[in-house]
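As a plain string of letters, each chain reads:
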Amino acid sequence: MIFELSLSAPEHAHLIEGYHDYFQDNHVFSIDWAYPALPGVGHSFDEAYIISLLQGKVNTDMLPHTWTIVDLKWYAAGGSMLPRLYVVGR
């Protein structure tokens with residue numbers, strides 16, 4: 001599964017130390033999803049889950065508390081279809 005993270009208010013990104021340096025090229029995460037169900041559009045992730053992805057990369061103190069899936073697309077890779085979740089911090 002692929003996560004693509006962004007902010008709903010990018011004009012506030014300058015408040016997050018390291019945000020531009022990291023998110024310029026590295027806002028996409030390839031992760032294993034070890035859960036029986038795939039989250040859908042409108043579902044939110046626990047803040048701690050997103051912070052664990054970004055820990056040590058940006059200052060997580062100023063990150064939004066709510067991270068919601070705004071889109072889900074499927075893509076072909078290695079002969080199978082994999083989900084790509086577009087997740088926005090609000």
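Above this text you will find the structure in question.
The structure reproduced in this document is the subject of the present report. This is a predicted model, so every value here is computed, not measured.

### Some words on the sheet that holds strand S4 (residues 67-77)
Moving on, step 1. Taking strand neighbours across the sheet as the criterion, the 5 strands line up as S2-S1-S5-S4-S3 in an open arrangement whose pairing is mixed. Of all the strands in the sheet, just strand S2 (28-30) and strand S3 (44-45) have a single pairing partner and so form its edges.
Moving on, step 2. Pairing of strand S1 (residues 2-7) with strand S5 (residues 80-89) involves 6 bridges; the strand directions are parallel. Along S5, the bridge assignment pairs Leu5 with Val87.

### Thoughts on the packing of aromatic side chains
Moving on, step 1. For the structure shown, the criterion picks out 7 aromatic pairs.
Moving on, step 2. An angle of 20 degrees between the planes, with centres 5.7 Å apart, marks the rings of Phe45 and Tyr49 as stacked.
Moving on, step 3. Exposure remark for Tyr49: the relative accessible area of 24% places this residue in the partly exposed category.
Moving on, step 4. In this structure an aromatic cluster arises from ring pairing among Phe3, Trp33, Tyr35, Phe45 and Tyr49.

### Brief notes about the nonpolar core
Moving on, step 1. If you look at the biggest cluster of nonpolar residues, it comprises 22 residues, and the most contacted ones within it are Phe3, Leu5, Phe29, Ile50 and Leu54.
Moving on, step 2. Elements with a contribution of two residues or more to this core: S1, helix H1 (19-26), helix H2 (47-54), S4 and S5.
Moving on, step 3. The element that contributes the greatest number of residues to this core is H2, accounting for 4 residues.
Moving on, step 4. Excluding anything up to four places from it in sequence, Phe3 contacts His27, Val28, Phe29, Ile31, Trp33, Phe45, Tyr49, Ile50, Leu53 and Leu85.

Criteria and thresholds
- Residues numbered from 1 in each chain as written.
- Predicted model: local features only at pLDDT ≥ 70, side-chain atom pairs only at ≥ 80, totals over all residues.
- Heavy atoms only, no water.
- Pairing = 2+ DSSP bridges.
- Helix = DSSP H or I, 4+ residues; strand = E, 2+ residues; numbered from the N terminus.
- Phe/Tyr/Trp six-rings, centres within 6.5 Å; stacked < 30°, edge-to-face > 60°.
- Buried < 20%, exposed > 50% of the residue type's maximum accessible area, 1.4 Å probe, protein only.
- Core = buried A, V, L, I, M, F, W, Y, C linked by side-chain atoms within 4.5 Å.
- Contact = heavy atoms within 4.5 Å.

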